[in-house]
Each structure stands twice: as structure tokens, then as C-alpha cells.
Amino acid sequence: NLTSATTGGDASFTATNADLTLASSPAVSGNLSLITTGTGNLIIPLAGISTPGALSINANDLLDTDRDINLTATNATISLRSAASSRSWTTSFNDLVLSLTGTGDFALTDSNALTLNSAINGGNASFTTTNADLTLSSDPAVAGNLSLITTGTGNVIIPVAGISQPSGLTITANDILD
């Protein structure tokens, strides 16, 4: 268990074959890396994690008490090895690289413009921005239905090559651009 951490720069915390449990969000002024190996889960406080730099998470699963995760960082790279359960995240990112291994449904609502650099999910996936653009740098690899939503004035911006979705595709936006 990590009860408290404060640093004026970057920080990295790793648990080997065990859970990494955070009692509070680390007070880091740089980038934050949270890693577990094997079957170790990352367990975060109900209030979530907030860092002013980049956030990197590599874990078996990402949990709090209700699976409604709150994450804030400039950019995020998140890889979960066992994402079998449904999950809902509220985020504030500029850029996201996401890899979820498993068939659990995934819903993300971001509070500003979001560039989705890469997205892999074995179930259904929904990405929503609020009054801002949702930009796809590449074609998301989603096994189930894919929803791309901008509420308010945002556009969905897809790669010039387009996107292909083996299951259902729903786009709700002010406009669709490439």
C-alpha cells in the first residue's frame, strides 16, 4: 500500500506479482508511472488520480470501489491485461493510448478535446468529449460496437484513410472530418 507520495519531479511505482494500492493520489509535479506485473491490480482512491504531467498505467486491472474511474493528466498511456469487466472512466486528457485486453465494455467521457492515438478493446467501446473535438490518430481496434460522441460543438476527426469497424459504429457529432 502506498499511503502518501510527494515529489517535485517524475515518479514511478511498481509492484511485482502484487496489487499496488494508492490511499491517495500521489502529489507529483511531473510524470507519474504506475506499474504492476503478473496478476497485480492497480487500486486507486475513489476520488481518482490527478497529475499535471503524463500518466502511464500498466496493470492487470484498474480498480476503485465502484469501477467509475476518475483520471486527470496531460497525456495518458494505459494498458490493462485483464479488462473483462465493464468499466466507466471520466477523464481529462489531451492524448490517450489505450489497450484493454478482455471483453469488458468500456465507456470514457473526457472533459475537453481528446486525441485518441491508439485504442484496443475486446468488447464494446464508447468515447465522448464535451464541447470539444474527438480526434482519432488511427483506426480503433474494437471488437464490439464503437461509439464516437461529441456533446455540444465538438467534431469527430477521423484518419484520412477512414475507419473500419467490424461491428456497429455510431458517430454523434457536430461534424465528421478527416
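A brief report on the enclosed structure follows. Quantities reported herein were computed from a predicted structural model and do not represent experimental measurements.

1. Here we look at the overall build of the protein
- Scanning the protein from terminus to terminus reveals 0 helices and 22 strands.
- For the protein, whose C-alpha radius of gyration is 16 Å, the value lies close to the compact-globule estimate of 16 Å for 178 residues.
- Over its C-alpha atoms, taken along the principal directions, the protein stretches across nearly 45 × 30 × 25 Å.
- Each of the 178 residues in the protein was classed as buried or not, and the buried ones make up 42%.
- The contacts of the protein with a sequence gap of at least 6 include a subset with a gap of at least 24, amounting to 8%.

2. Quick word on the packing of aromatic side chains
- For the structure shown, the criterion picks out 2 aromatic pairs.
- Taking 5.8 Å as the distance between ring centres and 55° as the angle between the ring planes, the aromatic pair formed by Phe106 and Phe127 counts as tilted. Of this pair, Phe106 sits in strand β14 (residues 106-110) while Phe127 sits in strand β16 (residues 125-130); the two residues are 21 residues apart in sequence, bridging distant segments of the chain. Here Phe106 and Phe127 have matching classes, each one buried.
- In textbook terms, an aromatic cluster arises when at least three aromatic residues are bridged by ring pairs, as seen for Trp89, Phe106 and Phe127.

3. Some thoughts on the pattern of salt bridges
- Under the counting rule described, the total for this entry stands at 2 salt bridges.
- In this structure, the salt-bridge partner of Arg67 is Asp61, at a minimum N-O distance of 3.4 Å.
- Note on Asp61: relative accessible area 7%, which makes it buried.
- Residue Arg87 pairs with Asp61 through a salt bridge whose shortest N-O separation is 2.8 Å. Taken as a pair, Arg87 in strand β12 (residues 87-92) and Asp61 in the loop between β8 (55-59) and β9 (62-63) lie far apart in primary sequence, 26 residues in all.
- Exposure remark for Arg87: the relative accessible area of 5% places this residue in the buried category.
- Several salt bridges converge on common partners, so that one network encompasses Asp61, Arg67 and Arg87.

4. With respect to the sheet that holds strand β6 (residues 42-43)
- Overall, parallel pairing links the 3 strands, which are arranged β3-β6-β9 in an open sheet. Of all the strands in the sheet, just β3 (20-21) and β9 have a single pairing partner and so form its edges.
- Pairing of β3 with β6 involves 2 bridges; the strand directions are parallel. Across the sheet, the residue bridging to Thr21 is Ile43, located in β6.

5. Quick word on the sheet that holds β14
- Spatially, the 7 strands line up as an open sheet ordered β7-β10-β12-β14-β16-β19-β21, and their pairing is parallel. Each of the sheet's edge strands pairs with one partner strand only, and the pair in question is β7 (49-50) and β21 (169-172).
- Pairing of β16 with strand β19 (residues 146-151), which is carried by 6 bridges, proceeds in the parallel orientation. Bridged to Phe127 within β19 is Leu148.

6. Quick word on unusual backbone geometry
- Backbone geometry at Asn17 places phi at a positive 50°, although glycine is not the residue there.
- By the secondary structure assignment, Asn17 is in the loop between β2 (11-15) and β3.
- Residue Asn17 is classed as exposed on the basis of its relative accessible area of 57%.
- Backbone geometry places Asn131, a non-glycine residue, at a positive phi of 50°.

Thresholds applied
- Here the residue numbers are simple positions, counted from 1 along each chain's written sequence.
- Owing to the predicted nature of the model, reporting of local features is limited to residues with pLDDT of at least 70; listing and counting of side-chain atom pairs is limited to 80 or more, with chain, interface and lining totals taken over all residues.
- Just so you know, side-chain values use all the structure's heavy atoms and leave hydrogens and water out.
- Per the convention used, a helix needs a DSSP run of H or I reaching at least four residues, while a strand needs a run of E reaching at least two, with both numbered from the N terminus.
- Here the globule rule is a power law, 2.2 Å times the number of residues to the power 0.38, and the radius of gyration is based on C-alpha atoms.
- Relative accessibility thresholds used throughout: buried, under 20% of the residue-type maximum; exposed, over 50%; partly exposed, between the two (1.4 Å probe, protein chains only).
- Here a residue-residue contact requires only that any non-hydrogen atoms of the pair lie within 4.5 Å.
- Each Phe, Tyr or Trp ring, with Trp reduced to its six-membered ring, pairs with another whose centre is within 6.5 Å; inter-plane angles below 30 degrees give stacked pairs, above 60 give edge-to-face pairs, and intermediate values give tilted ones.
- The term salt bridge refers to a pairing of a side-chain nitrogen on Lys or Arg with a carboxyl oxygen on Asp or Glu at a separation within 4 Å.
- Two strands are counted as paired when DSSP detects at least two bridges linking them.

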